[in-house]
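# Commentary on secondary and tertiary structure
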Amino acid sequence: MSDSHHTKALILGSGPAGYTAAIYAARASLQPILVKGLQPGGQLTITTDVENYPGFAEAVQGPDLMIAMQAQAEHVGTEMFDDIIVEADLSKRPFTLTGDSGTVYTGDTLIICTGAQARWLGLPSEEKYMGMGVSACATCDGFFFRGKEVCVIGGGNTAVEEAIYLTNHATKVTLIHRRDELRSEKILQERAMANPKIEILWDSVLEEVLGQDSPPGVTGVRVKNVKTGDFSELDLDGVFVAIGHSPNTELFKGQVDMDNENYILTTPGTTQTNIPGVYAAGDVQDKIYRQAVTAAGTGCMAALEVEKFLAEQET
Ligand code: FAD
Ligand code: NAP
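Residues numbered from 1 in each chain as written. Chains lettered and ligands numbered in written order. Predicted model: local features only at pLDDT ≥ 70, side-chain atom pairs only at ≥ 80, totals over all residues. Heavy atoms only, no water.

## Describing the pattern of salt bridges
The final tally for this structure, using the stated rule, is 12 salt bridges. A salt bridge links D180 to K227; its shortest N-O distance comes to 3.2 Å. Placement of D180 in the loop between β12 (172–176) and α6 (186–194) and of K227 in the loop between β15 (216–225) and β16 (231–235) is noted, with a sequence separation of 47 residues between them. With a closest N to O distance of 3.6 Å, R222 and E208 form a salt bridge. Placement of R222 in strand β15 and of E208 in strand β14 (residues 204–213) is noted, with a sequence separation of 14 residues between them. It is possible to trace a salt-bridge network through shared partners that takes in D180, D203 and K227. (Salt bridge = Lys/Arg side-chain N within 4 Å of Asp/Glu carboxyl O. Helix = DSSP H or I, 4+ residues; strand = E, 2+ residues; numbered from the N terminus.)

The following block contains the structure:
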């Protein structure tokens, strides 16, 4: 017979949003259950220095920060499970999640904190130098490229914003786009084109990230012009891939309202979804900020909203 666990506050995901929701829910005596998923600790476990999470004068390592958040959530009374949820039923309360272990988790409320993933190009060289010059987050890693040259791949708002942001640190930013016009808003295009540090390489795709093994890092890129078929190489130190993000919402498709990019919709100023008792926090509902501190902030909001919802049910 399969195992089952019930809680007042069920939390899905173990990134900053999930752990923060757990800390607040546990301190409100809701005895939360948190299911960690395939990536315990979330996205920050695949990065090194985190320099913008408040409280650390010296950079904290992403995995260390997440271990500390987990310990804090456990310390105040969260029950944690190493499981991957493969099925969700939000049609009635209690809400039901089923793990690939066969374990069933039910919650009077549910906080969805399944995060998002940067889309990658899928090149072996991109994977090889990830975290060693290849990044998908300029706000997080731009600082490490002070006085260096970098490129950004993509032509949407994120790519253009990241290119502009990176000019605060880098001496030159080459925006590499596969077409001859940008997808981004006009105002961003104008800003990028007026910026003397930004050069745009049109009709071009990244073929290979070039690098060295010792010390490990990026030394350049090999680019193909899709119109002429010509190859060229650029010497640079960093590659920022900005071709979009995908929220981890597959489980909930057709059950909870999402936007046209499958981010969960919440009532503005809250983490409330269209289903009473179901909340969404962190990157799964945020395509703009996508930061650890904003994920933690919305995790806190979700737990406070859960507490209020449950109190209202009891009266
Ligand atoms: P995530 O961290 O994405 O966590 C999602 C969680 O959901 C994971 O634990 C996963 O296992 C779980 N999950 C997903 N699907 C399931 C399922 N089916 N069943 C169970 N669990 C599931 N932000 C900063 O503020 N500063 C930085 O320096 C910084 N650096 C970054 C570097 C990199 C390389 C990346 C990729 C991101 C970086 N970010 C940084 C962004 C930051 O990591 C995210 O904004 C933040 O982690 C989002 O937190 P979250 O809790 O919403 O989700
Ligand atoms: P996006 O709008 O989907 O743009 C992705 C870009 O990457 C496109 O230019 C696309 O090229 C390119 N691309 C996709 N796959 C590629 C591949 N395999 N190889 C090379 N290039 C590839 O994604 P986004 O820029 O992350 O924006 C996502 C959403 O968030 C959008 O709705 C955006 O408006 C919003 N956003 C808003 C702001 C803001 O309002 N300030 C800031 C950031 C993001 P093509 O153009 O050829 O398709």
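## Concerning the environment of L182
Position of L182 relative to the elements: it lies in the loop between β12 and α6. With a relative accessible area of 7%, L182 lands in the buried category. Expressed as a C-alpha distance, the spacing of L182 and A25, which sit 157 residues apart in the sequence, is 44 Å. The residues contacting L182, other than those within four sequence positions of it, are G155, V160, L175, H177, Q189, M193, I200 and W202. (Buried < 20%, exposed > 50% of the residue type's maximum accessible area, 1.4 Å probe, protein only. Contact = heavy atoms within 4.5 Å.)

## Details of helix α7 (residues 292–314)
In this model α7 runs 33 Å from its N-terminal to its C-terminal C-alpha over 23 residues, within 8% of the 33 Å that 1.5 Å per residue would give. Each element contacted by the buried residues of α7 is listed here: β1 (4–12), α1 (16–27), β8 (104–112) and β19 (278–280). (Expected span 1.5 Å × (residues − 1).)

## Quick notes on the pairing of β1
Note: β1 against β8, eight bridges, orientation parallel. Paired with H5 across the strands is Y105, a residue of β8. Taken together, the three bridges between β1 and strand β2 (residues 33–35) define a ladder with parallel strand orientation. Bridged to L12 within β2 is V35. Crossover handedness for the path β1 to α1 to β2: right-handed. (Pairing = 2+ DSSP bridges. Right-handed = clockwise from strand over helix to strand, strands pointing away.)

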